[in-house]
Amino acid sequence: MARFIKWFFGILIALTAIVVLALIAITTLIDPNDYKDQIEKIAKEKAGYSLHINGDIAWSLYPQIGFAINDLVIDDPSVSNGSASTPALATLSKATLDLALMPLFSQQIQLNGLLIDGLTLKLKKDKAGKGNWEAPKISATTSPKVLTTPAASTSTQTTQATPAKSTAIAFTANYVTIKGGQVQFTDEQTKQTLALSDLNFDAKNIEPEKAFPLALSFNFSQQKPALNVGAQLNTQLTLANQFDEISLNDFQLSADVKGDATKNQTLPVKLMMDTKVKLSTQQLDITKLSLALADLAVSGNVAIKDWGTTKSLNGSIKLSPFNVKTLLPKLGIAAPVTANTASLSQVGVSTKIAGTASDLVLNDLAIQLDQTNINGQVNLSERITFNLAGTSINVDDYLPPKPEKAETTKSSANTTTANQSTSQKAKTSAKSAPTSTAPLLPIETLRSLNLGGELTMKGITINKMPMENMIIKVGAKSGLVQLKQLSGNLFAGNFLVDATINAKGKQPVIQANKKLQGINISPLTIALTGKEVTSGDLSLNASFSTTGNSIDAIRGNAKGNALLNITKAKLDLSSLLSGIQQSVPAFSQQLESQKEKLRPEDEAQLKANVTINGDKLLITQVTGGRKYEQIQSSKGVFNIATLEMKVPVEFTVTCEPNDPECPANKNLRNTPWPIICKGQLGVTPNKQLCLPDTSKIGKVIKAKAKEKISQKLSEKLAEKLGGKDDADLSEKDRAKKQVVNEGLKLIEGWLGQ
């Protein structure tokens, strides 16, 4: 038995020696360069590519399988003509492969090294969309034959159809290196050229279940728009569980971006994170995420599950505060110019994310806009919903700055001339409401909206109007957009607005209701016109509807009604009395003595009914006043387009006959004096807006003159007649009385009564 075992192992050793000697003999005696022509012919016949091996081929089989090839060229099949001038599809300077032989028999792949040096690919897509990398059609005579086997029994076929159980194969490598790779892609359809150059890849000590270093660097460029990117990547890669689990630890990507988008300035980009991928469960975990793009910094953690189906997301993202005006120029975008130069200097966002790609919830959402903070929740699904609350914001700070007013001249003469010129220009080119026939609302966007939510703000300032405790509720679906509530406090009062835009039809239909209560008029008029027109508290109840999609159409088609009520108004009537003085010189001395009795501190109340008819507000009724003074009007017009108004008013000083506090003497009291409020808001000086109506005041003067003359004559006549009745008068006294009465009739005729 011992002799048999000795004999058996002797034969085995001899056979092994023979195999090794045979392999050595094959690799030593057979030169692979002798078979270049056959290799090139097979490549042409089987794959359709023209292959040229210009360098040497080297190989080895033991103790490791080794292969090396130099200077390889593949012709571009789209223009291949067999000549040396044919452009190349691919070139390769050098490639080497060293693989241990014996471990293969125990299902282990031990790669000593793989090197690909100087690989160049020139890919091109023609105008028809065909790529030059597509293999040419191979003729039937050179097509490879399909090997067939005789029909086997059903049981045999069934056995062959059953896949064998996979066996794990261990893979290790000392290094895998790609040096100086280049890829160029030209698309003749889009006239675009992309290029990848200086491609270098290096991985060392590759072994399953263990982390190994990996490095990648490349330059990328394109022509339209011009873009150049230089990138370097370093990470620790782990391949586990038969490549089902892939981990990238300490992942670092650095890049410099330059091109048209950055105005040819270099934009640095840096990405760092830890990543783990599990292919079998379609799970991706990104932790320690840090992205720096110029002044932009993003951090967070994200977990993605079932990316092929539900795309479940969970994690948190933070965009650290950054300066928008500094960042945008680096991205090739002009920075906005704002009224407040410090605006947009601190903008940031942070949120937790949970849900799926089709139903994502942003929890603990925090938005920072300079000194303003907005917090809440947003649900991004088929219907977008939100519930947000914020601090105060001044919108005026983010609007373009207003042009500076022209400087006045120092000379008084020049100042007078300038004021006259300015006054004339104000009449010809005064302020007016904006006009436009351009589409105002994005109809298709409104029709596609499906959202609802609420935003509350501690304060919002717009056009110098500080609104507090703001509540904004909106909803939109199927072309119906609703402003369900817009409410808040303004200038010691409050307001409530709701509106609807129906964009389902050809032209949008707009409806709105507005309620104002106790708004202080003085700061309101200053904010709207730049001047204090009057004071008091304003209340308004208005509703209107309109159609159209331009400023002109919306304003021109407006129909509605409004009820206006002003309380606690402070009225300065000195300008009215001065106007009456100029119009009625006979009363000048009396009026001057009454000015000191005016009591502007007394509060007045005004009520007005207004009909909205296109550009015009038709004032159908105005009533009101204060102690001793009353005003009323039955008609008037305010033009929204030009901000011009014309409202006739009757001004009456009402007093008891013997009231010592009455600010008008007996000749002026209880007489309706015609006033005309006429001019343009923001242009006509306040004291010139409402003045005596000289076209009507003559009738009042004549009436007062008749009353005065009649009173004087009656007093003289009564004095002469001694208070006697007609029956007790003598013929002479009757004649005197008749003369007086005839005189009164003549005076009445002369005064036009």
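Owing to the predicted nature of the structure, the values given are computational and were not obtained by experimental measurement.

**Some words on the overall build of the protein chain**
Phase 1: Broken down by element type, the protein chain carries 13 helices and 33 strands.
Phase 2: Here the protein chain holds 753 residues, and the buried ones make up 31% of them.
Phase 3: Sequence separation of at least 24 residues holds for 49% of the intrachain contacts in the protein chain that already meet a minimum separation of 6.
Phase 4: As displayed, the protein chain has an accessible area near 45,200 Å², and 58% of this comes from carbon and sulfur atoms.

**A word on unusual backbone geometry**
Phase 1: Residue P225 is reached from K224 by a cis peptide bond, and omega for that bond is -15 degrees.
Phase 2: The phi dihedral of Q242 is positive, around 55 degrees, even though this residue is not glycine.
Phase 3: Position of Q242 relative to the elements: it lies in the loop between β10 (227-240) and β11 (245-259).
Phase 4: With a relative accessible area of 49%, Q242 lands in the partly exposed category.
Phase 5: In the Ramachandran plot, L344 falls in the positive-phi region, its phi being about 65 degrees despite a non-glycine side chain.
Phase 6: Here L344 lies in the loop between α4 (324-330) and β16 (347-356).

**Comments concerning the environment of G452**
Phase 1: Its place among the elements puts G452 in strand β20 (residues 451-462).
Phase 2: Of the residues examined, G452 reaches a relative accessible area of 11% and is grouped as buried.
Phase 3: Sequence separation between G452 and R383 is 69 residues, and the spatial gap between their C-alpha atoms is 7.6 Å.
Phase 4: Beyond its immediate sequence surroundings of up to four residues, G452 is in contact with R383, I384, T385, F386, V474 and G475.

**A short note on a nonpolar patch on the surface**
Phase 1: Taken together, W59, F67 and L97 make up a surface patch of nonpolar side chains, about 250 Å² in accessible area.
Phase 2: Looking at where W59 falls in the secondary structure, it is placed in strand β2 (residues 57-60).
Phase 3: Since its relative accessible area comes to 33%, W59 is described here as partly exposed.

**Here's the deal with the pattern of salt bridges**
Pairing of side chains with opposite charge becomes possible as their charged atoms draw close.
Phase 1: According to the stated counting rule, one finds ten salt bridges in the structure shown.
Phase 2: A salt bridge links E245 to K278, with the nearest nitrogen and oxygen atoms 3.8 Å apart. Here K278 lies in strand β12 (residues 267-278) and E245 lies in strand β11, a separation of 33 residues in the sequence.
Phase 3: Look at K278 and you get partly exposed, because its relative accessible area is 30%.
Phase 4: Residue R555 pairs with D552 through a salt bridge whose shortest N-O separation is 3.7 Å. One end of the pair is R555 and the other is D552, both in helix α8 (residues 551-556) and three residues apart, which spans about a single turn.
Phase 5: Owing to a relative accessible area of 12%, R555 belongs among the buried residues under this scheme.
Phase 6: Accessibility expressed as a relative area gives 29% for D552, which makes it partly exposed.
Phase 7: A network of salt bridges, in which partner residues are shared, links D552, R555 and D615.

**Examining the nonpolar core**
Phase 1: Ranked by size, the top nonpolar core spans 68 residues in total, and within it I460, M470, L490, F495, I519 and L538 carry the most contacts.
Phase 2: Per-element accounting of this core gives the leading share, five residues, to strand β31 (residues 644-653).
Phase 3: If we ignore the near neighbours within four places in the chain, the residues touching F495 are M467, M470, L486, S487, G488, N489, L490, K515 and L516.
Phase 4: Grouped together as the second largest cluster of nonpolar side chains are ten residues, L451, A476, A503 and I554 included.

**A short note on a positive patch on the surface**
Phase 1: On the surface, K635, K646, K678, K696, K699 and K702 cluster together into a patch of positive charge.
Phase 2: Relative to the helices and strands, K696 resides in the loop between β33 (690-692) and α12 (697-721).

**What to know about the pairing of strand β27 (residues 604-613)**
Along a regular strand, successive side chains alternate from one face of the sheet to the other.
Phase 1: Side chains A604, L606, A608, V610 and I612 of β27 all project onto a buried face; the interleaved residues Q605, K607, N609, T611 and N613 project onto a face where none is buried.
Phase 2: Summarising the sheet, strand β26 (residues 559-569) and β27 pair through nine bridges and their orientation is antiparallel. Bridging across to β27, L563 finds its partner in N609.
Phase 3: Across nine bridges, β27 lies against strand β28 (residues 616-626) in antiparallel orientation. What sits directly across from K607, in β28, is T623.
Phase 4: In sequence, β27 turns back onto β28 through a hairpin of two residues, with G614 there showing a positive phi of about 65 degrees.

**Notes on the environment of Q252**
Phase 1: Its place among the elements puts Q252 in strand β11.
Phase 2: Take Q252: its relative accessible area is 30%, and that puts it in the partly exposed class.
Phase 3: Between the alpha carbons of Q252 and M272 there is a distance of 4.6 Å; along the sequence they are 20 residues apart.
Phase 4: Residues within four places of Q252 in sequence aside, it is in contact with Q232, L233, N234, L271 and M272.
Phase 5: At a separation of 3.1 Å, a polar atom in the side chain of Q252 contacts the side chain of D250.

**Some thoughts on the environment of Q368**
Phase 1: Locating Q368 in the fold gives a position in strand β17 (residues 359-369).
Phase 2: The partly exposed category is assigned to Q368, whose relative accessible area is 22%.
Phase 3: Separated by 20 residues in sequence, Q368 and G348 place their C-alpha atoms 5.0 Å apart.
Phase 4: In this structure Q368 touches P321, Q346, V347, G348 and N373, once residues within four positions along its chain are discounted.

**Comments concerning helix α2 (residues 36-47)**
Two residues of an α-helix separated by three or four positions point the same way, owing to the 3.6 residues in each turn.
Phase 1: Between its terminal C-alpha atoms α2 stretches 16 Å, which fits the 16 Å expected from twelve residues at 1.5 Å a residue.
Phase 2: A positive phi of about 85 degrees marks G48, the residue just after α2.

**Quick word on the pairing of strand β25 (residues 537-547)**
Phase 1: The sheet contact formed by strand β24 (residues 509-520) and β25 spans ten bridges and is antiparallel. Bridging from a neighbouring strand, L516 pairs with L540 of β25.

**Focus: the confidence of the model for the protein chain**
Phase 1: This prediction gives the protein chain a mean pLDDT of 79; 72% of its residues lie at or above 70.
Phase 2: A low-confidence stretch, residues 415-430 stays under pLDDT 50, and its non-local contacts, those more than four residues away or across chains, total seven contacts.

**Some thoughts on helix α7 (residues 521-529)**
Phase 1: Buried within α7 are the following residues: I521, S522, L524, T525, A527 and T529.
Phase 2: Where α7 is buried, its residues meet β21 (465-477), β24, β25 and β26.
Phase 3: One side-chain oxygen of the residue at the start of α7 lies 3.2 Å from the amide nitrogen of S522, identifying that residue as N520.
Phase 4: Directly after α7, the chain includes G530, whose backbone phi takes a positive value near 85 degrees.

Basis of the calculations
- Residues numbered from 1 in each chain as written.
- Predicted model: local features only at pLDDT ≥ 70, side-chain atom pairs only at ≥ 80, totals over all residues.
- Heavy atoms only, no water.
- Helix = DSSP H or I, 4+ residues; strand = E, 2+ residues; numbered from the N terminus.
- Buried < 20%, exposed > 50% of the residue type's maximum accessible area, 1.4 Å probe, protein only.
- Contact = heavy atoms within 4.5 Å.
- Areas by Shrake-Rupley, 256 points an atom, 1.4 Å probe, with all protein chains shown as cover.
- Patch = residues over 30% accessible without salt bridge, like charges linked within 9 Å, V, L, I, M, F, W, Y side chains within 5 Å.
- Salt bridge = Lys/Arg side-chain N within 4 Å of Asp/Glu carboxyl O.
- Core = buried A, V, L, I, M, F, W, Y, C linked by side-chain atoms within 4.5 Å.
- Lys, Arg positive; Asp, Glu negative; His and termini not counted.
- Charge placed at Lys NZ, Arg CZ, Asp CG, Glu CD.
- Pairing = 2+ DSSP bridges.
- Polar contact = N/O pair within 3.5 Å; in protein donor to acceptor, adjacent residues only side chain to side chain.
- Expected span 1.5 Å × (residues − 1).
- pLDDT = per-residue confidence, 0-100.

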